Amino acid sequence: MAQQTPATSSDYRLTVGLEIHAELATKTKMFCNSVNDPEETMPNANVCPVCMAHPGTLPTINREAVKHVLRVGAAINGNFADYTEFDRKSYFYPDIPKGYQISQFEHPFISGGELVGVPVTRIHLEEDTARSIHGNNQSLVDFNRAGVPLMELVTEPAIHDAKTAGEFARALQLLLRTLGVSHANLEKGEMRVEANVSVSKDGTMAKKYVEVKNINSFRSVERAITYEAERQIALIESGGSVSQETRGWNEDKQETFSQRVKEGSADYRYFPEPDLPKMMLSADPEFSRNTIVAALPELPWNRHARYVALGLKVDDATFIASTLERSTFFDAVLLHMQEDASHVPLAANYVVSDLGGYYANNPGVEYKNISAESFVELIRMVSSNELSSRGAKDVLAVMAEKGGVPKDIATEKDLLQVSDPEALKASVREVLEANPAVVEEYRAGKESVLQFLVGQGMKATRGAGNPEILRELLTEELKRTT
Ligand SMILES: [Zn+2]
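Residues numbered from 1 in each chain as written. Predicted model: local features only at pLDDT ≥ 70, side-chain atom pairs only at ≥ 80, totals over all residues.

Points about the overall build of the protein
Looking only at helices and strands, one finds 15 helices and 17 strands in the protein. Computed over its C-alpha atoms, the radius of gyration of the protein comes to 31 Å, more than 25% above the 23 Å expected for a compact globule of 482 residues. C-alpha atoms of the protein, sized along the principal axes, occupy 100 × 70 × 50 Å. Here the protein, with 482 residues, has 37% of them falling under the buried criterion. (Helix = DSSP H or I, 4+ residues; strand = E, 2+ residues; numbered from the N terminus. Rg over C-alpha atoms; globule rule 2.2 N^0.38 Å. Buried ≥ 20, exposed ≤ 12 C-beta atoms within 10 Å, placed from the backbone.)

A short note on the sheet that holds strand 16 (residues 271–272)
Spatial ordering of the open sheet is given by 5-4-16, a layout of 3 strands whose pairing is antiparallel. A strand with exactly one partner marks an edge of an open sheet, and here the two such strands are strand 5 (100–103) and strand 16. (Pairing = 2+ DSSP bridges.)

Notes on unusual backbone geometry
Within the chain, Ala184 stands out as a residue other than glycine whose phi angle is a positive 55 degrees. Among the structural elements, Ala184 can be located in the loop between helix 2 (162–179) and strand 12 (191–200).

Things to note about the environment of Arg122
Among the structural elements, Arg122 can be located in strand 8 (residues 118–127). You can call Arg122 buried: it has 21 C-beta atoms within 10 Å. Separated by 12 residues in sequence, Arg122 and Ile110 have C-alpha atoms that sit 5.4 Å apart.

So, helix 6 (residues 314–321)
Along helix 6, the positions that sit buried rather than exposed are Asp316, Ala317, Phe319, Ile320 and Ala321. Buried residues along helix 6 sit in contact with helix 5 (300–309), helix 7 (324–337) and helix 8 (344–361). (Contact = placed C-beta atoms within 7 Å.)

Quick notes on the nonpolar core
With 69 residues, the main nonpolar core has Val69, Val72, Met151, Ala165, Ala195 and Ile225 as its most contacted residues. When residues of this core are traced back to their parent elements, those giving at least two are strand 1 (13–23), helix 1 (63–75), strand 8, strand 11 (149–155), helix 2, strand 12, strand 13 (210–215) and helix 3 (218–237). The element that contributes the greatest number of residues to this core is helix 2, accounting for 8 residues. With residues up to four places along the chain from it excluded, the contact list for Met151 reads His21, Ala22, Leu24, His68, Val69, Val72, Ile123 and Leu125. (Core = buried A, V, L, I, M, F, W, Y, C linked by C-beta atoms within 7 Å.)

Comments concerning the environment of Glu430
Positionally, Glu430 belongs in helix 12 (residues 421–434). Glu430 sits in the partly exposed class, given 14 other C-beta atoms within 10 Å. In the structure, Glu430 is positioned 30 residues away from Ala460 in sequence and 8.2 Å away in space, judged by C-alpha atoms.

A short note on the pairing of strand 14 (residues 245–250)
Where strand 13 lies against strand 14, 4 bridges are found, and the strand directions are parallel. In the strand pairing of strand 14, Glu211 is matched with Thr246. As paired elements, strand 14 and strand 15 (residues 255–261) share 6 bridges and run antiparallel to each other. Following the sheet pairing, Glu245 is matched in strand 15 by Val261. Hairpin connection between strand 14 and strand 15: a loop of 4 residues separates the two successive antiparallel strands, and Gln254 in this loop has a positive phi of roughly 55 degrees.

Looking at the domain arrangement of the protein
The assigned domain composition of the protein is domain 1 (9–292), domain 2 (320–412) and domain 3 (421–480). Using only C-alpha atoms to locate each centre, domain 1 and domain 2 end up separated by 39 Å. (Domains from an automatic or database assignment.)

Written out as structure tokens, the structure is:
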């Protein structure tokens, strides 16, 4: 009998399901009128008896938060629940003032749907916890976050590579921002990605999988999943077994570490929240699917398709449509360009190459200083040869850094391109007089030296001469004096 090949990592298939929480951008909290302001720095400034769980207080449902969840559900083509309710999820923790969290268990608002090809299981609504702050031998609790509306989206365990998990998280962030339902910054905790990771030989989610938390960047989503898959394979290969647990991602060490053994849902003693009304979404005109769908803005994938239809290269369309700031700017540019659609590809090119490059090296000022109107003026100057493409790069960098009007910047930097033949003729004669040997070579038939003379002309005009006009004038002059 042939010896069996030892198992290798290629025998295992990775399976990942994502659980993503997003704090919803509403004026007030989920079940009370306290202000929902993630930027508030004064601890316990935005609290009231309801979110502090004083006895005798009752919650009320924030309808805006419900609409936010329904918008996301409609955008990904999920099913709206007809009957829905909130449930109590009981657990004791200092940052849960009531001793339970109001969440949804059996009847989430949304079930099904799909984003970037990944099937979504459900989206439900719950409340955020308070924030514990540990240090100096004491633990403090800030209740500003307690009761902030929190959306939880769960995918099917249908992701089989780390890259797709990262793509899903990025696409969801873009969708949440496009819909205006969440700021969704990972680094601020406004969007939190947890990955259920398992490896198996049959490509299904193993009974015992690991939940990875504390992931605070998209890059870490992919790295944490890759690390965890490799850890599990090594463990199984060495004769061990994976335990059902929650592990944190350590950004500094680039590895996961055990946090706690996971509780099953039975431990939470879910039961329907008796203090809130049950809901029939279809019976409430504001929550009906038609109302929600009719008010959706253009969705990211539709925006991408619109750019491609305008004649943009697919890669350029992808780049521009991939952040809200970029596509909002580009749409403003399109609005200002209405009369001159032939310059749209040129404008796209400057947004992708020049602005894209500038902002990649200078993060934090993306589209804050530049105005679409000035940008369109710059494109017009390039296409009418008032500005060389080289000069346009310099002008655009100034516009991106501190704003301003292209003509003023170009004048100040002496970059306006001279295309008037009369204004260039003196320089042309000067170049020919200064280079008699080269002129001879040209006349002897070596036409390639013309490029050198154009270069000398650019030098003589300190870069302001339009190279095309210089070339024409030089050719004319050389032929005339032959
Ligand atoms: Zn409150």
